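So the chains spell out like this:
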Amino acid sequence: LSRHLARRTAAPADPAARGDESLPLYLRQHRGREHRSDPVMYDGNVVGSARAWAEVTRTKEIVPERRDQLGDVECDVYLVRHGETQGYSSESGLTPLGSWQAHRRGQELARRVTDGMHVELLCAPTNRARQTAEHVRRGLLDNVSLFGREAAIGELRDSADFRNFEVATPAGPRDVTSAFRQYQREMEKYERVGLGERPGWLVDVDRFWGIQKGGGDPITHWLTMPMMYFEPPVSCVRRFWRGILAARERSDAKTVVVATHSGPIRAFATLAMGYDPGEPFNTEFVRVRLLAGGTTALVLYRNRVQEVGVPDLDALPPSADRRFQE
């Protein structure tokens, strides 16, 4: 105990601080610690000071860079999941709650719109994505007008680059929802007539939707389990990047809002972050900030930010699966 008390009351190492008794004790001790350099050991060797080691091992994801270290942002892209839908077995569109969700998201995004800004709106070619984009646009227009800002809110455009992931069916690649309707018709035929062994695409779709019916997460299954007849997640990520880069080249819009689907959004975030950050809620978004120079971007999702390289799509190897060739 006496040794412990002696350490607690020991004078700080800094002679200047030791001589100034007018300073509070905590400040004298703090200044004394600044003059000590505790070595960091690794495998029996001194590898540096604690301060230097913290600088080496910090990551951009946990410790963001200062504003003066970041390049200028050329364009902000918001990959927004559609609002609540009436069902995934049909193309029936949004519920009233889903429409309200999308309108509120548009109002929230309007806070980031400044005078003279051009906003472009894109959507996947499905009813639920299109209706989401329409309500987002109304919310943007409402609050831009309310805030008294002069901004150009563009007309809505469909973009096949941001479509949902697809299934290869005998009629060609189909959105997973459209493939489900075809699957129901074909499965009924096989069960009623007993035609024998089911084709592979029916088996894949049956497994996928069976997980959802059982209360599981079919998107996790798609992200982690090989399925012969489903579009691979990396294919969705590639065409999302193509759509993002095309939108930047096509116009001078500083903000691009894309209404699309949860599966490709989640695949995009997973590749950027290096882990699966989870399913986006209705109208939740992944934000992509394209930096000046065109080589890097910041991907933001759920209080995480990761700097990534913008891919050179022409330099990537072509997909081996011709059904989903870009």
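Residues numbered from 1 in each chain as written. Predicted model: local features only at pLDDT ≥ 70, side-chain atom pairs only at ≥ 80, totals over all residues. Heavy atoms only, no water.

Caption draft 1: A look at the pattern of salt bridges. Inspection of the entire model under this criterion finds 17 salt bridges. As a salt-bridge pair, Asp 217 and Arg 266 come within 3.0 Å of each other at their nearest N and O atoms. Here Asp 217 is found in the loop between helix 8 (200-213) and helix 9 (218-224), whereas its partner Arg 266 is found in helix 11 (residues 262-273), with 49 residues between them in sequence. The exposure class of Asp 217 is partly exposed, given its relative accessible area of 32%. Each member of the salt-bridge network shares a partner with another, and the members are Asp 217, Arg 266, Asp 276 and Glu 279. (Salt bridge = Lys/Arg side-chain N within 4 Å of Asp/Glu carboxyl O. Helix = DSSP H or I, 4+ residues; strand = E, 2+ residues; numbered from the N terminus. Buried < 20%, exposed > 50% of the residue type's maximum accessible area, 1.4 Å probe, protein only.)

Caption draft 2: Inspection of the nonpolar core at higher detail. Ranked by size, the top nonpolar core spans 46 residues in total, and within it Leu 79, Phe 208, Trp 222, Phe 230, Trp 241, Phe 268 and Val 288 carry the most contacts. Tallying contributions element by element places helix 10 (residues 233-250) first for this core, with seven residues. In this structure, Val 288 is in contact with Cys 75, Asp 76, Val 77, Leu 79, Trp 241, Ile 244, Phe 268, Ala 297 and Leu 298, ignoring residues within four places of it in sequence. Residues Val 80, Ala 110, Val 136 and Leu 140 belong to the second largest nonpolar core, which totals 15 residues. (Core = buried A, V, L, I, M, F, W, Y, C linked by side-chain atoms within 4.5 Å. Contact = heavy atoms within 4.5 Å.)

Caption draft 3: Broad picture of the packing of aromatic side chains. Evaluated as defined, the whole model comprises 11 aromatic pairs. Measuring from ring centre to ring centre gives 5.8 Å for Phe 165 and Phe 208, while their planes differ by 75°; the resulting arrangement is edge-to-face. Of this pair, Phe 165 sits in the loop between strand 5 (152-158) and strand 6 (166-169) while Phe 208 sits in helix 8, and the two are 43 residues apart along the sequence. The same class applies to Phe 165 as to Phe 208, namely buried. Measuring from ring centre to ring centre gives 5.3 Å for Phe 208 and Phe 230, while their planes differ by 40°; the resulting arrangement is tilted. In this pair, Phe 208 is assigned in helix 8 and Phe 230 in the loop between helix 9 and helix 10, connecting sequence segments 22 residues apart. Note on Phe 208: relative accessible area 3%, which makes it buried. We classify Phe 230 as buried; its relative accessible area is 3%. (Phe/Tyr/Trp six-rings, centres within 6.5 Å; stacked < 30°, edge-to-face > 60°.)

Caption draft 4: Summary view of empty space enclosed by the protein. Summed over the entire model, instances satisfying the criterion amount to one cavity of 30 Å³ or more. Lining the largest cavity are Tyr 78, Leu 109, Arg 112, Val 113, Leu 140, Thr 255 and Val 257. Partitioning the lining of the largest cavity into residue classes produces five nonpolar, one polar and one charged. (1 Å grid on protein atoms, 1.4 Å probe; cavity = no way out; pocket = protein on both sides within 12 Å on 5 of 7 lines; lining within 4 Å. Points joined across faces, edges and corners; volume = space filled by probe spheres on them. Nonpolar A, V, L, I, M, F, W, Y, C, P; charged D, E, K, R; others polar.)

Caption draft 5: Quick look at the pairing of strand 6. Going residue by residue along strand 6, you find Glu 166 and Ala 168 tucked away on one face and Val 167 and Thr 169 tucked away on the opposite face as well. Of the strand pairs in this sheet, strand 6 and strand 7 (residues 172-175) are connected by four bridges, and their pairing is antiparallel. Bridging from a neighbouring strand, Thr 169 pairs with Gly 172 of strand 7. Count of turn residues in the strand 6/strand 7 antiparallel hairpin: two residues. (Pairing = 2+ DSSP bridges.)

Caption draft 6: Layout of the sheet that holds strand 11 (residues 304-309). Strand order in the open sheet made by the seven strands is 5-4-8-3-9-10-11, with mixed pairing throughout. Bordering the open sheet on either side are strand 5 and strand 11, each of which pairs with just one other strand. On average, each strand axis in the sheet is inclined to that of its neighbour by 20°, with strand direction left out of account. Relative to strand 10 (residues 296-301), strand 9 (residues 285-291) runs antiparallel, the two sharing four bridges. The residue of strand 10 that forms the bridge with Leu 290 is Ala 297. Contacting strand 3 (73-81), strand 8 (255-260) and strand 9, helix 5 (residues 96-109) crosses the sheet at an angle of about 30° to strand 9. (Axes fitted to C-alpha atoms, helices over the stretch in contact; angles between N-to-C directions.)

Caption draft 7: Main features of the environment of Val 205. Checked against the element boundaries, Val 205 lands in helix 8. Taking the relative accessible area as the measure of exposure, Val 205 reaches 1% and is therefore buried. Put simply, Val 205 and Ala 179 are 26 residues apart on the chain and 7.9 Å apart in space, counted from C-alpha to C-alpha. Those residues in contact with Val 205 that lie beyond four places of it in its chain are Val 167, Tyr 183 and Phe 230.

Caption draft 8: Main features of unusual backbone geometry. One non-glycine residue, Arg 302, adopts positive backbone phi at about 50°. Take Arg 302: it is sitting in the loop between strand 10 and strand 11. With a phi angle near 65°, Asn 303 is a residue other than glycine that sits in the positive phi range. Here Asn 303 shows up in the loop between strand 10 and strand 11. What makes Asn 303 exposed here is its relative accessible area of 84%.

Function cannot be inferred from these measures alone, as they are strictly geometric.
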